Amino acid sequence: MGVLRVLLVVSLLGSAFLSCRSGESASIEIPQWAKGDTLTQLELDLKIITEAIQENPGVSENYYQRARIFSQKKEWDLAIDDLQKALSIRPNVGKFLHLMGLVLIEKSQYRAALAALQKAESLNLITSSLYIAQARAYLGLQDRFNAQNALNKAMKMDPYSGDPYAVLAELKLASQDTLGAISNWKKVVELFPKEIKGYRKLISLYQGKRWNDSVLIFNERAIALFPDSLDFQLAKAQTLASLYLLDSATVVYGQVLRKNPKNVDAMWQLGALHVRKNRPELALALYRTALNLSKDKVDAYMKSGELAETLNKPQEALSIYEMGLRNHPGNYNLELGIERVKNKVKYVSKSRVATPAVQKNTPVAEPATPGKPEWRDIKPIRSKSFIIKKDSSGK
């Protein structure tokens, strides 16, 4: 069925291309139903539209369609290039300017984004999504007053959309109003119960407020709706650990690792949990596995090496620090760890050098020589600082 669908898409788009070979009518509109969520589907769409552009490079609509694909792939610079080409052919198309504004916001170029969006509005592209984009641009410029005005326009046009409330939540956060942000993200979740971003934002805000009951409630909802998103299960485990429900947290971390045995975050967090449960050996084993999978964090090497030192495993600690230094050459803390462990190893080696057997608490006497007293006849010499001088009366 999947193969048939792909062949149908190719056939449809190919026939559309062949039937329109020249002029602006040669544009290809990617059908909404043909858009897949997978990279494979995006690459297929990209291949089709790129071939159309190569055949007829003067069609602005094709550049716009390809820019949409690049935006889905988060390849912002390529999207901007195509939108500039589209606008060079037809400079006064509102939807081109709208998409340009959205992409520039992702690049944090808020002033340029706002200029594009305002020009789109002047061309009578009046939509709720345009005003939401303007609000985001104003928010990036820290202009909360105009951001609120733009959101009011968006809400008036589409009162049942969750998008304005999402931007309003960010506006509340910028004003240090965490409760207002929570309230607006809850509206997003109510209006779009299957919108994953709303749950992530809510859980993060609840964690920041340490409202653990709310974290667990929304975690359970999110896990039921998005069983493949392991970050919700990680958040649940973190909350359980913060409530000292260590056994329950361990079970959840285990579930995550069974679903994804290479989840490095779960390994580190479960390792830290084993340290708290006085199981350092298990923690160190998890740390070593995580280090083999992810080598980009210096703190991870330090944490693992210090744990090995605590367990009196200098050779393993040395191995960890040296591995870290190979991946992060010149790091001072790792070099210090190596030097510290090497000094410990040298000290231990010296202390193990064989010495004559001596009975405990028994001083060794030198062989008696003529005219030299035995060691038993030698009295301890007191330091000058401890000699008490007598006064003239002899006291």
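In this text, all values refer to a predicted model and were calculated from it rather than measured experimentally.

A few words on the overall build of the protein. When helices and strands are tallied, the protein shows 19 helices and zero strands. Classification of the 395 residues of the protein by burial places 39% in the buried group. For the protein, the share of sequence-separated contacts (at least 6 apart) that also reach a separation of at least 24 residues comes to 49%. In the form shown here, the protein has an accessible surface area of approximately 23800 Å², with 54% of it arising from carbon and sulfur atoms.

The subject of this paragraph is the confidence of the model for the protein. Atom-level detail of predicted coordinates should not be read off regions where pLDDT is low. When pLDDT is averaged along the protein, the result is 80, and 78% of the positions lie at 70 or above. Per-element averaging of pLDDT across the protein places helix α1 (residues 2–19) at the bottom with 37 and helix α6 (residues 110–122) at the top with 95. Residue range residues 1–37 is modelled with pLDDT below 50. Its contacts to residues more than four positions away, or to other chains, number 56 contacts. Confidence over residues 364–395 falls short of pLDDT 50; this stretch has seven contacts with residues more than four positions distant or in other chains.

A few words now on the packing of aromatic side chains. For the coordinates displayed, the defined rule picks out seven aromatic pairs. On the basis of an interplanar angle of 55 degrees and a centroid distance of 6.4 Å, the ring pair of Y199 and F218 is categorised as tilted. Taken together, the residues Y199 in helix α11 (residues 196–209) and F218 in helix α12 (residues 212–225) connect sequence positions 19 residues apart. The exposure class of Y199 is buried, given its relative accessible area of 4%. Feature note: the residues Y199, Y206, W211, F218, F226 and F232 constitute an aromatic cluster, connected by ring pairs. Its guanidinium or amino end placed over the ring of F218, R221 lies 4.7 Å from that ring's centre, counting from NZ or CZ.

Once that is clear, we can look at the nonpolar core. Soluble globular proteins tend to pack their nonpolar side chains together in the buried interior. Counting 64 residues, the largest nonpolar core has L83, M100, V103, W185, Y199, L202 and F232 as the members making the most contacts within it. Among the elements that make up this core, the one with the highest residue count is helix α7 (residues 128–140) (eight residues). Apart from the residues within four sequence positions on either side, L83 is in contact with Y64, A67, F96, L99, M100 and V103. Core analysis: the second largest hydrophobic core is formed by 37 residues, L273, Y301, I320 and V341 among them.

What follows deals with the packing of helix α13 (residues 230–242) against helix α14 (residues 246–259). Two numbers describe how α13 lies on α14: the axes approach to 8 Å, and their chain directions differ by 160 degrees. As summarised for this structure, α13 and α14 are arranged roughly antiparallel, according to the angle between their axes. With respect to the hand of their crossing, α13 and α14 are arranged in left-handed fashion. Contacts between α13 and α14 pair L230, Q233, L234, K236, A237, Q238, L240 and A241 from the former with L246, S248, A249, V252, Y253, Q255, V256 and K259 from the latter. When grouped by side-chain class, the residues that make up the contact of α13 with α14 number 10 nonpolar, four polar and two charged.

A few words now on a nonpolar patch on the surface. A surface patch of nonpolar side chains, about 330 Å² in accessible area, is lined by Y160, L191 and F192. You can see F192 is positioned in the loop between α10 (178–191) and α11. Judged by its relative accessible area of 34%, F192 falls in the partly exposed class.

A word on unusual backbone geometry. In this model, Q176 sits at a positive phi of 65 degrees, which is unusual for a non-glycine residue. When you line up the elements, Q176 lands in the loop between α9 (163–174) and α10. Accessibility expressed as a relative area gives 70% for Q176, which makes it exposed. Residue Y244 is not a glycine yet carries a positive backbone phi of 65 degrees.

Looking at the element boundaries, S229 is found in the loop between α12 and α13. Non-local contacts of S229, meaning those with residues more than four positions away in its chain, are made with I196 and R200.

Now for α12. For α12, which comprises 14 residues, the first-to-last C-alpha distance of 20 Å matches the rise-based estimate of 20 Å (1.5 Å per residue) to within 8%. Listed as buried for α12 are S214, V215, F218, N219, A222 and I223. Each buried residue of α12 lies within a common arc of 160 degrees when the element is viewed along its axis, so the set occupies one face. Exposed side chains of α12 directed beyond 90 degrees from the buried face belong to D213 and A224. Buried residues in α12 make contact with α10, α11 and α13.

What counts as what
Residues numbered from 1 in each chain as written. Predicted model: local features only at pLDDT ≥ 70, side-chain atom pairs only at ≥ 80, totals over all residues. Heavy atoms only, no water. Helix = DSSP H or I, 4+ residues; strand = E, 2+ residues; numbered from the N terminus. Buried < 20%, exposed > 50% of the residue type's maximum accessible area, 1.4 Å probe, protein only. Contact = heavy atoms within 4.5 Å. Areas by Shrake-Rupley, 256 points an atom, 1.4 Å probe, with all protein chains shown as cover. pLDDT = per-residue confidence, 0-100. Phe/Tyr/Trp six-rings, centres within 6.5 Å; stacked < 30°, edge-to-face > 60°. Lys NZ or Arg CZ within 6 Å of the ring centre and 35° of its normal. Core = buried A, V, L, I, M, F, W, Y, C linked by side-chain atoms within 4.5 Å. Axes fitted to C-alpha atoms, helices over the stretch in contact; angles between N-to-C directions. Parallel < 35°, antiparallel > 145°, perpendicular 65-115°, else oblique. Left-handed = near helix turned anticlockwise from the far one by under 90°. Nonpolar A, V, L, I, M, F, W, Y, C, P; charged D, E, K, R; others polar. Patch = residues over 30% accessible without salt bridge, like charges linked within 9 Å, V, L, I, M, F, W, Y side chains within 5 Å. Salt bridge = Lys/Arg side-chain N within 4 Å of Asp/Glu carboxyl O. Expected span 1.5 Å × (residues − 1). Arc of directions from axis to C-beta.

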